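# Close look at the chain arrangement
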Amino acid sequence: MSPTIYTIILSSLATGTIVTMTSFHWLMAWIGLELNTLAIIPIISTLHHPRSTEAATKYFLTQAAASAMILFSSMINAWNTGTWDITQMSYAPSNILLSLALALKLGLAPAHFWLPEVLQGSTLLTALIITTWQKLAPMSLIYMTMNNLPSTILLMLGLTSSTIGGWSGLNQTQTRKIMAYSSIAHLGWMAMIASIMSNIMIMNLMVYLMMTTALFTSLICSKSKTIQDTATTWTTSPTLAIIMMLLLLSLGGLPPLTGFLPKWLVLEELIMQNLIPMATAMAMSALLSLFFYLRLTYATTLTLPPNTLQMKFKW
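All of these numbers come straight from a predicted model, not from anything done at the bench.

What follows covers the overall build of the protein. Looking only at helices and strands, the protein features 15 helices and 0 strands. Rg of the C-alpha trace for the protein: 20 Å, near the compact-globule value of 20 Å for 315 residues, within the 12% margin. Along the longest, intermediate and shortest principal axes, the C-alpha atoms of the protein span 70 × 55 × 25 Å. Within the protein, buried positions represent 53% of all 315 residues. Of all intrachain contacts in the protein linking residues separated by at least 6 positions in sequence, the fraction that spans at least 24 positions is 74%. Of the roughly 13,700 Å² that the protein leaves accessible, carbon and sulfur atoms contribute 71%. When the 12 positive and 7 negative side-chain charges of the protein are each reduced to one mean point, those points stand 16 Å apart.

With that settled, the discussion passes to the UniProt feature "transmembrane region" (unreviewed entry) in the protein. Here, the residues flagged by UniProt with the feature "transmembrane region" (unreviewed entry) are residues 59-76, 96-115, 152-171, 178-196, 202-221, 233-255 and 275-294. Along residues 152-171 the backbone is 90% helical and 0% strand, and the end-to-end C-alpha distance reaches 30 Å. Strand forms 0% of residues 178-196 and helix 89%; the C-alpha atoms that close the span are 29 Å apart.

Ranked by internal contacts, the top residues of the largest apolar core, which has 42 residues, are Trp-26, Ile-70, Met-139, Leu-141, Ile-142 and Met-192. Every element with two or more residues in this core is listed here: α2 (26-44), α4 (92-106), α7 (133-144), α8 (151-169), α9 (175-194), α10 (198-222), α14 (260-272) and α15 (276-301). Broken down by element, the residue count for this core peaks at 7 residues, all from α9. With residues near it in sequence (within four places) discarded, Ile-70 still touches Trp-26, Leu-33, Leu-98, Ala-101, Leu-102, Lys-105 and Leu-141.

Here the focus is a nonpolar patch on the surface. A surface patch of nonpolar side chains, about 300 Å² in accessible area, is lined by Leu-27, Met-28, Ile-31 and Leu-35. Here Leu-35 lies in helix α2. Since its relative accessible area comes to 31%, Leu-35 is described here as partly exposed.

Here the focus is the environment of Met-144. For Met-144, the position within the fold is in helix α7. Taking the relative accessible area as the measure of exposure, Met-144 reaches 19% and is therefore buried. Sequence separation of Met-144 and Met-89 is 55 residues, and the distance between their C-alpha atoms is 9.8 Å. Not counting the four nearest positions on each side in its chain, Met-144 is found in contact with Thr-20, Met-21, Ser-23, Ile-86 and Thr-87.

Moving on, we come to the packing of aromatic side chains. Tallying each qualifying case throughout the model produces 3 aromatic pairs. Here Tyr-59 and Trp-114 contribute two aromatic rings whose centre-to-centre distance is 5.6 Å and whose plane-to-plane angle is 70 degrees, an arrangement assigned as edge-to-face. With a gap of 55 residues between them, Tyr-59 in helix α3 (residues 50-81) and Trp-114 in helix α5 (residues 114-121) connect regions that are remote in the sequence. Residue Trp-114 is classed as buried on the basis of its relative accessible area, which comes to 7%. Ring centres 5.8 Å apart and planes at 10 degrees place the aromatic pair Phe-260 and Trp-264 in the stacked group. Pair noted here: Phe-260 and Trp-264 are both in helix α14, with a separation of 4 residues, about one helical turn. Judged by its relative accessible area of 26%, Phe-260 falls in the partly exposed class. Under the relative-accessibility criterion, Trp-264 is labelled partly exposed at 47%.

Turning our eyes to something else, we now look at the layout of surface pockets. In this model, the largest pocket occupies a volume close to 170 Å³. Taken together, Leu-47, His-49, Arg-51, Ser-52, Gln-120, Gly-121, Ser-122, Thr-123, Leu-124, Arg-176 and Lys-225 make up the lining of the largest pocket. Taken together, the elements giving at least two residues each to the lining of the largest pocket come down to α3 and α5. Classifying every residue of the lining of the largest pocket gives 2 nonpolar, 6 polar and 3 charged.

Let us look at the pattern of salt bridges. As enumerated under the stated definition, the model contains 3 salt bridges in all. When the shortest N-O distance is used, the salt bridge between Glu-117 and Lys-58 registers 3.5 Å. Placement of the pair is Glu-117 in helix α5 and Lys-58 in helix α3, with a sequence separation of 59 residues. Members of the salt-bridge network, linked through shared partners, are Glu-54, Lys-58, Glu-117 and Lys-177.

About the thresholds
Residues numbered from 1 in each chain as written. Predicted model: local features only at pLDDT ≥ 70, side-chain atom pairs only at ≥ 80, totals over all residues. Heavy atoms only, no water. Helix = DSSP H or I, 4+ residues; strand = E, 2+ residues; numbered from the N terminus. Rg over C-alpha atoms; globule rule 2.2 N^0.38 Å. Buried < 20%, exposed > 50% of the residue type's maximum accessible area, 1.4 Å probe, protein only. Contact = heavy atoms within 4.5 Å. Areas by Shrake-Rupley, 256 points an atom, 1.4 Å probe, with all protein chains shown as cover. Lys, Arg positive; Asp, Glu negative; His and termini not counted. Charge placed at Lys NZ, Arg CZ, Asp CG, Glu CD. UniProt positions renumbered as here; feature names shortened; annotations may be inferred. Core = buried A, V, L, I, M, F, W, Y, C linked by side-chain atoms within 4.5 Å. Patch = residues over 30% accessible without salt bridge, like charges linked within 9 Å, V, L, I, M, F, W, Y side chains within 5 Å. Salt bridge = Lys/Arg side-chain N within 4 Å of Asp/Glu carboxyl O. Phe/Tyr/Trp six-rings, centres within 6.5 Å; stacked < 30°, edge-to-face > 60°. 1 Å grid on protein atoms, 1.4 Å probe; cavity = no way out; pocket = protein on both sides within 12 Å on 5 of 7 lines; lining within 4 Å. Points joined across faces, edges and corners; volume = space filled by probe spheres on them. Nonpolar A, V, L, I, M, F, W, Y, C, P; charged D, E, K, R; others polar.

This is the structure we're talking about:
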């Protein structure tokens, strides 16, 4: 892809998110989301490989459907209340439809099936863009409509995402799929706290963006596409291996590290709201995620290739 076209595409990607984040009118928000989708399609399909074409098609179909649902819910709201203002979503059916559309757009379970497939079909850099930058616009819409979205639906979406993200990640050997399920689990935590305290949600999002960006950058540097690739990181750069270990443990949410802070605050807030079964279930689901982060950590730093008997190496 020529530098000019790449620049245009990346600036469109940035513009789409900024338009959505700064708009008050639903139509403008929808235009921003569409810009976002249309800009990332060529980035996914640059590989000229059947997998990447398939990933681009899947991404386009899910995002277009979610955007159409968002526009539809805002139209129903405008029809009943006479306003297109994003913050004035007061009609209950349109709020329910909006929360489901945003769940599909973000990849919250049970509408998460497209995310691992799309990430697996794209490069590590594209996967980084999809799991970080592409989450900003829908999250800003959640933040703006927060007071009106049905909290029960958000709590259920959060719980299922966290559980399914942890459970499905156990079975993976591809780092991109592991990161996809990690993304689903983290978004579950954000959806869980969104209706209770949006400040914690924003902090959670920021911590998630920083850690995911750093980990993807490490994976890109070490060219690790599978778990057995990460095992050879130590031979190329011990420093990178140690950084990856700390990042993985932080994503898992182990206490002295940064990733523990959002989880702690979310659990504390859930207990304050007397949602103790919910808090227990979220803590249990965090253990599932922690297992596959620990497995990655073990392969990356606690084994010195080629002395291990656990796995075959790429040479």
